[in-house]
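# Inside the fold
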Amino acid sequence: MAANEIDFGEFYARWRTERLAKLVAGQPPEFWAAVGEKLDSSPDETITMDELMALLHDRELG
């Protein structure tokens, strides 16, 4: 890939990560408790960006 070409996959992943970081900043303890529960119930003790987004969405609707 030439130096001036854009890797859209990398660009999108970086944008999504930055957006998620802004969305989770300042969330209340209840949100982080839900994240902890999701981590505890995960067989590999991880949480995906999609799962974090779902938790944020659930809080907006709740």
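Residues numbered from 1 in each chain as written. Predicted model: local features only at pLDDT ≥ 70, side-chain atom pairs only at ≥ 80, totals over all residues. Heavy atoms only, no water.

## With respect to the environment of Asp 40
With respect to the helices, strands and loops of the structure, Asp 40 is situated in helix α2 (residues 29–41). Sequence separation between Asp 40 and Val 24 is 16 residues; the distance between their C-alpha atoms is 19 Å. (Helix = DSSP H or I, 4+ residues; strand = E, 2+ residues; numbered from the N terminus.)

## Quick word on a nonpolar patch on the surface
A contiguous nonpolar surface patch, about 620 Å² in accessible area, is contributed by Ile 6, Phe 8, Phe 11, Tyr 12 and Trp 15. Of note, Phe 11 is situated in helix α1 (residues 8–24). (Patch = residues over 30% accessible without salt bridge, like charges linked within 9 Å, V, L, I, M, F, W, Y side chains within 5 Å. Areas by Shrake-Rupley, 256 points an atom, 1.4 Å probe, with all protein chains shown as cover. Salt bridge = Lys/Arg side-chain N within 4 Å of Asp/Glu carboxyl O.)

## Considering α1
With 17 residues, α1 extends 24 Å from end C-alpha to end C-alpha; this agrees with the ideal 24 Å at 1.5 Å per step. The N-cap of α1, judged by a side-chain oxygen 3.1 Å from the amide nitrogen of Gly 9 a few residues on, is Asp 7. Two residues or fewer past α1, Gly 26 is found with a positive phi of approximately 80°. (Expected span 1.5 Å × (residues − 1). Polar contact = N/O pair within 3.5 Å; in protein donor to acceptor, adjacent residues only side chain to side chain.)

## With respect to a negative patch on the surface
Judged by side-chain charge, Glu 37, Asp 40, Asp 44 and Glu 45 come together as a negatively charged surface patch. Checked against the element boundaries, Asp 44 lands in the loop between α2 and α3 (49–61). (Lys, Arg positive; Asp, Glu negative; His and termini not counted. Charge placed at Lys NZ, Arg CZ, Asp CG, Glu CD.)

## What to know about the confidence of the model for the protein
For the protein, the average pLDDT comes to 85, and 90% of its residues sit at 70 or higher. When mean pLDDT is compared element by element in the protein, α1 scores highest at 91, while α3 scores lowest at 80. (pLDDT = per-residue confidence, 0-100.)

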